[in-house]
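For reference, the chains in residue letters:
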Amino acid sequence: MHQFLKNSRAGVGSLILLGILLLGTACKKDTVGDDSCETCPATDLIPGTYAPEPYVLELADWMGEPIIPADNPLTKDGVALGRMLFYDPIVSSDSTMSCASCHAPDLGFTDGTAFSTGVEGRQTTRSSMPLFNLAYNPNGFFWDGRSPSMEDQALHPIMDRVELNEDWENVVRKFQRHPDYPQRFRKAFGIERTSEITKELAVKALAQFERTLISQDSRFDRVVYRNEGWLTDSEQRGKDLFYVEPSLVDHPGCSHCHGGVNFTDFSFRNNGIDSVATLNDFPDKGLGAVTGRVYDNGRFKVPSLRNIELTAPYMHDGRFATLEEVLDHYKTGGHGVENEDPNIVPFTLTGSQKQDLIAFLRTLTDTTFIKNPAYANPFN
Amino acid sequence: MKHTPLFFIPILLLSLFITACDQKEEISTGSLEIVFKGTFGNEPLYMFGRSYDYRGDAAVKWQLFQFFLSDLELLGSGNAVKPHMLSAIESVSFGDIQSEEEALEGYALRFNDIETGTYSGLQFGLGVAPELNATQPSDYTPSEPLAQVSSYWEAASSYIYTKIEGNADLDNDGQFGEDEEKLTYHLGASELFQKRTLPVTIDIRENSTTSIVVNVDLLKALENTAEGTFIDFRQTPRDHHKNPDVYNFVITQLRESAISIGN
């Protein structure tokens, strides 16, 4: 009897153990995509190895050193994961939009509209920014500079109610239950359990992918830096106008703000597009809304002119549809607003000079960049 | 057996020699903070919010005042203290100083690991030393001073030694920055590079930070009161190293008169 009881207890124990195992197996199944397991703790071990391989940016000699933060070095798996997250609509509240919805490669990673549209047709108040050569930006992200790093930048669009309108908690949960992402997070960051997937790791991956977006093979690059071919006469005249500095007083002065290999100095400026009575009257305060300094009102990020032909409409609010309109604005010399950049001064620009400048700007189009398969949607 | 002690003597000496070589000479070091305090005449200098009178018939609100310093060095004292190179290049910018409080705090550069001792002065070259001026922004990582593309002339293959920018009110209508009231002086070229020495006693003490103040008077960069000469905003609201009368004057004034040791 005693032995029977012992055997019986052992049997019951075995049954309980079996039940736990079955439950455990069921939970494991749920964590790879079955939403019926709402309460499953996301603590399952992720199989597979962690053997990070550095991702080496192939940079042309003239590009210089990018900024790669020590706590987020580029790895092949990190970049690959970031690319998937960039294109995956799972990050939006209704799974209809991804980062790429407003940042399309063939438009220099913009969306071609003045104001980007978020989930459920919600309208943003700014134009989507081009995404390339961001690894060279030492100085604030977004038009208003509100993010100090690319990792921080990647946090915001998902939470923004008029963009992707999702909570990071939900997004992380989706990643944890996804059939593929846990292993990709493990490969990228060496985590061991699905519960270790966090928004911080997700934005690290996104930032890694975005740092690989390098535009360095425009016709300008080939002609000027590689000595391959020539600019046309019109393009050369435009180039002279773009860079002219010491020899003339009356000149556009484009390179004051758009100099260097990235065609931007990454600064924030009031470029004279708004005529306002006081510094508090800017319809969009830009940097000033972030810093709280009134003299920063109306100052916005100076964008790169690389691929400028592809990134219309122009300015933070897309107010100019064409490059002709942009140049027409600049040649008037702004509106004399107190914090307007003093480099915005009137200059003479004939019709043919305008066409020359635009011809030059079009040499900055980098078709190698926009067609780079490494930047394309991995789900296609 | 009798010769054993003698046998060990060379080994002992060798051991002592090696031990002596292993012991690195302990050098005591300290830190130095150089605080650049901008003024416009007797007034603290800050950007945007403050209107400064200029020669009695104009006013100006500044937006940017910056300059490069090369070969920043502490001068030694006789044989006792050797000179100490602090930095090959630094950028001093008042562009982000937008209030009186920030102006009084100044723009600080900090240098560590300086051998203790009493130094006799500070030496620097105003601008970018010729060997560095032969480089370009893409030669540097974005956070380095010479990576600033807005301080580099592509067309002239030269860094801009100093930038002075602001909006003036030249017709006394209370409006700053109308058409001919935008002031931009972008100046500098290798032939203008010269060194300047500021005699000052600087005590560097072990494990502590010595602070010195360097005053930079923008007004003195624009006018020479002794000779009655000055930059006439109406005549030359901007110069991008085109007019030798302007760039020679400003660079010389900035180097020789505007920068001094403060309290």
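Under the annotation held in an unreviewed UniProt entry, chain A carries the name Cytochrome C peroxidase and is attributed to Flavilitoribacter nigricans. The annotation that UniProt attaches to chain A under Subcellular location (unreviewed entry) is "Cell envelope".

S.K.: Which residues make up the overall build of chain B, and what values do they have?
M.R.: Helix and strand counts for chain B stand at five helices and 17 strands. Burial analysis of chain B (263 residues in total) assigns 53% to the buried set. Within chain B, contacts between residues at least 6 apart in sequence are counted, and of these 73% link residues at least 24 apart. By element, 49% of the accessible surface of chain B is carried by carbon and sulfur atoms, the whole surface being about 12700 Å².

S.K.: Please give an account of the interface of chain A and chain B that cites residues and values.
M.R.: Of the residues lining the interface, 37 residues belong to chain A; the matching set on chain B comes to 31 residues. Remark: the boundary between chain A and chain B carries three salt bridges. Across the pair Lys182 of chain B and Glu340 of chain A runs a salt bridge whose closest N-O atoms are separated by 2.5 Å. The tally of links from chain A across to chain B stands at 14 residue pairs in polar contact (both at pLDDT 80 or more). In the side of chain A that touches chain B, the residues fall into 16 nonpolar, 11 polar and 10 charged.

S.K.: Give me the packing of helix H2 (residues 76-87) of chain A against helix H5 (residues 181-189) of chain A: which residues, what numbers.
M.R.: All names here are of chain A. In the contact formed by H2 and H5, the axes pass within 7 Å of each other and the chain directions differ by 145°. In the crossing of H2 with H5, the sense of the turn from one axis to the other is left-handed. Residues Asp77, Gly78, Ala80, Leu81, Met84 and Leu85 of H2 touch H5, and the partners they reach there are Tyr181, Arg184, Phe185, Lys187, Ala188 and Phe189. Of the residues belonging to the contact of H2 with H5, the class tally is eight nonpolar, one polar and three charged.

S.K.: Could you give me a rundown of unusual backbone geometry, with the residues and numbers involved?
M.R.: All names here are of chain A. Cis geometry marks the peptide bond from Ala312 to Pro313, where omega comes out at -5°. By the element assignment, Pro313 lies in the loop between strand S2 (300-301) and helix H11 (323-332). A positive phi angle, near 55°, is found at Glu120, a position not held by glycine. Along the chain, Glu120 turns up in the loop between H2 and helix H3 (150-159). Take Glu120: its relative accessible area is 59%, and that puts it in the exposed class.

S.K.: Mind laying out the nonpolar core, listing which residues take part and the relevant values?
M.R.: Counting 76 residues, the largest nonpolar core has Ile34, Trp62, Phe65, Phe67, Phe94 and Phe233 of chain B as its most contacted members. Ranked by residues supplied to this core, first place goes to strand S4 (residues 58-75) of chain B with nine residues. Every residue in contact with Trp62 of chain B, bar those within four places of it in the chain, is listed here: Phe40, Leu45, Met47, Phe48, Tyr52, Ile164, Glu165, Gly166, Leu183, Leu218, Leu222 and Phe233 of chain B. Within the second largest apolar cluster, 55 residues are counted, among which are Ile90, Leu131, Leu310 and Tyr375 of chain A.

S.K.: Give me the lowdown on the pattern of salt bridges, citing residues and values where you can.
M.R.: Residues and elements named next belong to chain A. Per the counting criterion, the structure on display carries 32 salt bridges over all chains. Taking the shortest distance from any N to any O, the salt bridge between Arg319 and Asp317 comes out at 2.8 Å. Residues joined in a network through salt bridges with shared partners are Arg126, Asp144, Arg146 and Asp284.

S.K.: Describe helix H12 (residues 351-362) of chain A, listing the residues and the values that go with them.
M.R.: Helix length check: H12 of chain A (12 residues) gives 17 Å between terminal C-alpha atoms against 16 Å at 1.5 Å per residue, within 8%. Looking at the buried residues of H12 of chain A, the elements they touch are helix H7 (219-225), helix H8 (233-243) and H11 of chain A.

S.K.: Please provide a residue-by-residue account of helix H6 (residues 199-211) of chain A, values included.
M.R.: Because each turn of an α-helix spans 3.6 residues, side chains separated by three or four positions end up pointing in the same direction. Residues and elements named next belong to chain A. Its 13 residues place the ends of H6 18 Å apart at the C-alpha level, agreeing with the 18 Å of an ideal helix rising 1.5 Å per residue. The buried fraction of H6 amounts to 10 of the 13 residues, a majority that puts the element mostly inside the structure. Looking only at H6, the buried set comprises Leu201, Ala202, Val203, Ala205, Leu206, Ala207, Gln208, Phe209, Glu210 and Arg211. Looking at the buried residues of H6, the elements they touch are H2, H3, helix H4 (168-177) and H5.

S.K.: If you had to explain the state of the cysteines to someone new, which residues and values would you point to?
M.R.: All names here are of chain A. What the rule picks out here adds up to zero disulfides over all chains. Considering cysteine sulfurs only, Cys257 is the nearest to Cys254, which forms no disulfide, with 9.2 Å between them. Taking relative accessible area as the criterion, Cys254 reaches 17% and is therefore assigned buried. When its relative accessible area of 13% is taken as the criterion, Cys257 is described as buried.

S.K.: So, the side chain of Ser92 of chain A: which residues are in play, and what are the values?
M.R.: All names here are of chain A. Relative to the elements of secondary structure, Ser92 occurs in the loop between H2 and H3. Among the residues examined, Ser92 registers a relative accessible area of 0% and is labelled buried. Once residues lying within four places of it in the same chain are set aside, the contact partners of Ser92 are Met97, Val119, Leu164, Glu166 and Lys174.

So, how was this worked out
- Residues numbered from 1 in each chain as written.
- Chains lettered and ligands numbered in written order.
- Predicted model: local features only at pLDDT ≥ 70, side-chain atom pairs only at ≥ 80, totals over all residues.
- Heavy atoms only, no water.
- UniProt positions renumbered as here; feature names shortened; annotations may be inferred.
- Helix = DSSP H or I, 4+ residues; strand = E, 2+ residues; numbered from the N terminus.
- Buried < 20%, exposed > 50% of the residue type's maximum accessible area, 1.4 Å probe, protein only.
- Contact = heavy atoms within 4.5 Å.
- Areas by Shrake-Rupley, 256 points an atom, 1.4 Å probe, with all protein chains shown as cover.
- Salt bridge = Lys/Arg side-chain N within 4 Å of Asp/Glu carboxyl O.
- Polar contact = N/O pair within 3.5 Å; in protein donor to acceptor, adjacent residues only side chain to side chain.
- Nonpolar A, V, L, I, M, F, W, Y, C, P; charged D, E, K, R; others polar.
- Axes fitted to C-alpha atoms, helices over the stretch in contact; angles between N-to-C directions.
- Left-handed = near helix turned anticlockwise from the far one by under 90°.
- Core = buried A, V, L, I, M, F, W, Y, C linked by side-chain atoms within 4.5 Å.
- Expected span 1.5 Å × (residues − 1).
- Disulfide = S-S within 2.5 Å.

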